[in-house]
Amino acid sequence: MFERVLVANRGEIAVRVMRACEELGIDTVAVYSEADKHAGHVRYADEAYNVGPARAADSYLDGAAIVEAARKADADAIHPGYGFLAENADFAARVQDTAGITWVGPTSDAMGTLGEKTRARNVMDEADVPIVPGTTDPVEDPEEVVAFGEEHGYPVAIKAEGGGGGRGMKIVESADDAAEKLTSAKREGEAYFDNDSVYLERYLQSPRHIEVQILADHHGNVRHLGERDCSLQRRHQKVIEEGPSPAIDDEMRESLGEAARRGVAAADYTNAGTVEFLVVDEEFYFLEVNTRIQVEHTVTEQITGIDIVKWQLRVAAGEELAFEQDDVSVAGHAMEFRINAENAADEFAPQTGTLATYDPPGGIGVRVDDALRQGDTVGGDYDSMIAKLIVEGSDREECLARSRRALAEFDIEGLVTIVPFHRLMLDDDRFCAGEHTTDYLDEHLDEDRIADAQQRWGTEPTGETDAEEAVEREFTVEVNGKRFEVTLEDRGGLAVPTDSGDADDAPGPRRDSGGDDGGGGSDHDGAGEAVTADMQGTILGVNVAEGEDVASGDVLAVLEAMKMENDVVAPRGGTIAEVGVAEGDSVDMGETLFVIE
Ligand code: MV4
């Protein structure tokens, strides 16, 4: 077994992996960006290394810096968590090729095979796993889309080869929009995945999203750990996950599990993975494989009693799975609530703030995975999920009741979160009956109900907490990129000069236009009005040039953030006086993109 594991991630998943390491007697190494110097995962680790500035592309996504930190720490394995480099086949290969360091995850080859959606569909089809009727080769010509639509009926889904999570997917309702949607899907594929290949599937209306957890070792053993129902999603972002699914019977449960095992075995897959299916009209169809540990792995852990992350580490270290398929049993029911720093009443806009109060729930059947403590500041540099509440009960009804209790106990002040939205869902007839499908939130939920919930259970953001004088003061120092915690006694004068007003040190979004993190209106230097970024992300395209006249609501640019395309619109009519960005630019929340005069 490994002696020291570097966790190449941050936040709750980094702490979750470190907890598994602790239980296995493994030392833990954290990596952190400038924005995460004081973060919870850094506090938890045995040692920590600075890997770069706040921007993820320059730190958590910098494979060379991550491997260099592993060398410095003398780590013998790297666990990627989820997101960041977790499904980057090139990074997996880099680690695999680094002597003395083991990659905790599937091989880069298996990742590559299943990451290319048409290859994955071919592998599944050959393993007798039902796939959605569609093409298994890329399409180039709108006529192919029209011919497919005539044969299989509309709507038709055009999907990016390298896609997933809704990115790069376009729905063709009729022959008339085939050409435009094909171009758009190819452009998104190129922009997001550096791969403009796309393929076709018959679009299934209002499916359930049901996924099967897999563990596979290097000795030919493949086990499934049951399913999770992730049908409650908003714009392809999962919100509440649960297991077992209330929408399938035991016969389909068995078929799904065995199909998933066949499929991953055919792909020579090892370690943890998840096979996603769409379920509609009593039939299931392969969707895609997630070649990583998932956010919602916790649901499976609670109802099977199996610590998936510890098995990831054991499998990567060459151990055999110590249980047969028949040993896997599911008891009770669990739900995971993603605690996102978002305002559900404002289109789930990302939020920042300081946790004046952070008091998670407890008691029987309640698990909280997080990396926070009261007083922490939540910035806008990374994704908005700050914690996960996982609740289990003897059955779905008890799980619902216990979830209502736990969410009511979850006391967060100083930061707006989606806790009120979760409490609303636990009062929603369709969700409580387990009858929601993947389009329920986007197509059917009345937004007034979200506003009411926010009013009833929401909290207000507050400013910085008043720092209290402390006799002892903790300082974090960094020597040659390695972090040390030191405690000094404060005898009246500051032991060490700190410039707490220095914006460069304060984590969280930097703004260069008067602190306005809205879509417009601000104190920009010139006479004009700045149009700023609502969130950190990447500019996919710029639609205007300086000197151009625009009307209120015109789309000035497209900003990709949190796996979604977001339009940057003109807050009012006028003339574009300044274009501050270009396609491909990364921008921070609050950054000026345009000036309108
Ligand atoms: C589909 C589909 C219906 N028919 N494919 C969404 C993201 C990516 N995981 C694939 N997705 C879908 N693919 C066909 N042929 C419906 C969706 C879909 C969806 C799937 C799972 C969970 C949430 C969803 C929300 C919208 C659309």
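Residues numbered from 1 in each chain as written. Predicted model: local features only at pLDDT ≥ 70, side-chain atom pairs only at ≥ 80, totals over all residues. Heavy atoms only, no water.

1. Considering the site of the ligand
- Within the structure, the ligand sits among 17 residues, and Lys159, Gly166, Glu201, Arg202 and Leu204 are positioned closest to it.
- At 2.8 Å from a nitrogen atom of the ligand is found a side-chain nitrogen or oxygen belonging to Glu201.
- Within the contact set of the ligand, a nitrogen atom lies 2.8 Å away from a backbone nitrogen or oxygen of Arg202.
- Each residue belonging to the shell around the ligand can be placed in one class, and the counts come to 6 nonpolar, 6 polar and 5 charged.
- When residues are assigned to domains, the shell around the ligand turns out to be shared by domain 2 (133-202) and domain 3 (206-331), each giving three or more. (Near = heavy atom within 4 Å. Polar contact = N/O pair within 3.5 Å; in protein donor to acceptor, adjacent residues only side chain to side chain. Nonpolar A, V, L, I, M, F, W, Y, C, P; charged D, E, K, R; others polar. Domains from an automatic or database assignment.)

2. Describing helix H4 (residues 89-96)
- Those residues of H4 that sit buried are Phe91, Ala92 and Val95. Summarising the axial view, the buried residues of H4 lie within an arc of 105°, below the 170-degree limit, and thus occupy one face.
- Where H4 is buried, its residues touch helix H3 (63-73), strand E4 (77-79), strand E5 (102-103) and helix H5 (108-115).
- Capping the start of H4 is the job of one residue whose side-chain oxygen sits 3.0 Å from the backbone nitrogen of Asp90: Asn88. (Buried < 20%, exposed > 50% of the residue type's maximum accessible area, 1.4 Å probe, protein only. Helix = DSSP H or I, 4+ residues; strand = E, 2+ residues; numbered from the N terminus. Arc of directions from axis to C-beta. Contact = heavy atoms within 4.5 Å.)

3. Regarding the sheet that holds strand E6 (residues 156-164)
- The sheet built from 3 strands is open, its strands ordered E7-E6-E8 with antiparallel pairing. Of all the strands in the sheet, the pair left with one neighbour each is strand E7 (167-172) and strand E8 (198-202). Taken over all neighbouring pairs, the strand axes of this sheet differ in orientation by 25° on average, direction set aside.
- With 5 bridges joining them, E6 and E7 adopt antiparallel strand pairing. Across the sheet, Gly164 pairs through a bridge with Arg167, a residue of E7.
- The strands touched by helix H7 (residues 142-152) within the sheet are E6, E7 and E8, with E8 carrying the most contacts at an inclination of about 15°. (Pairing = 2+ DSSP bridges. Axes fitted to C-alpha atoms, helices over the stretch in contact; angles between N-to-C directions.)

4. Things to note about the nonpolar core
- Membership of the largest hydrophobic core comes to 61 residues, with the highest contact counts inside it found for Leu6, Ile66, Ile78, Leu215 and Leu313.
- Elements supplying a minimum of two residues to this core: strand E1 (4-7), helix H1 (11-23), strand E2 (27-33), strand E3 (47-52), H3, E4, H4 and helix H11 (308-316).
- Mapping this core onto the domain boundaries places at least three of its residues in each of domain 1 (4-104) and domain 3 (206-331).
- Beyond its immediate stretch of four places on either side in the chain, Leu215 contacts Asn221, Val222, Arg223, Leu225, Asn271, Ala272, Ile306, Ile308, Trp311, Leu321 and Phe323.
- Of all hydrophobic cores here, the second largest spans 38 residues; its members include Ile386, Leu400, Ile412 and Ile418. (Core = buried A, V, L, I, M, F, W, Y, C linked by side-chain atoms within 4.5 Å.)

5. Here's the deal with the packing of aromatic side chains
- Tallied over the entire structure, the rule returns 9 aromatic pairs.
- Between Phe84 and Tyr382, the ring centres sit 6.5 Å apart and the planes meet at 80°, which makes this aromatic pair edge-to-face. Separated by 298 residues along the polypeptide, Phe84 in the loop between E4 and H4 and Tyr382 in the loop between strand E20 (377-378) and strand E21 (385-393) bring together distant segments of the chain.
- Judged by its relative accessible area of 27%, Phe84 is partly exposed.
- Among the aromatic residues, those joined into a cluster by ring pairs are Tyr60, Phe84 and Tyr382. (Phe/Tyr/Trp six-rings, centres within 6.5 Å; stacked < 30°, edge-to-face > 60°.)

6. So, the state of the cysteines
- For the coordinates displayed, the defined rule picks out 0 disulfides.
- Left unpaired, Cys230 is separated from the closest cysteine sulfur, that of Cys399, by 14 Å.
- Cys230 gets classed as buried once you look at its relative accessible area, which sits at 0%.
- Cys399 carries a free sulfur, and the closest cysteine sulfur to it, the one in Cys432, is 11 Å from it.
- Since its relative accessible area comes to 0%, Cys399 is described here as buried. (Disulfide = S-S within 2.5 Å.)

7. Some remarks on the confidence of the model for the protein
- Looking at the protein, the pLDDT average stands at 90 and 90% of residues meet or exceed 70.
- Confidence over residues 464-470 falls short of pLDDT 50; this stretch has 6 contacts with residues more than four positions distant or in other chains.
- Below a pLDDT of 50 lies the segment residues 492-525, which in the model reaches 62 contacts outside its immediate sequence neighbourhood of four places, other chains included. (pLDDT = per-residue confidence, 0-100.)

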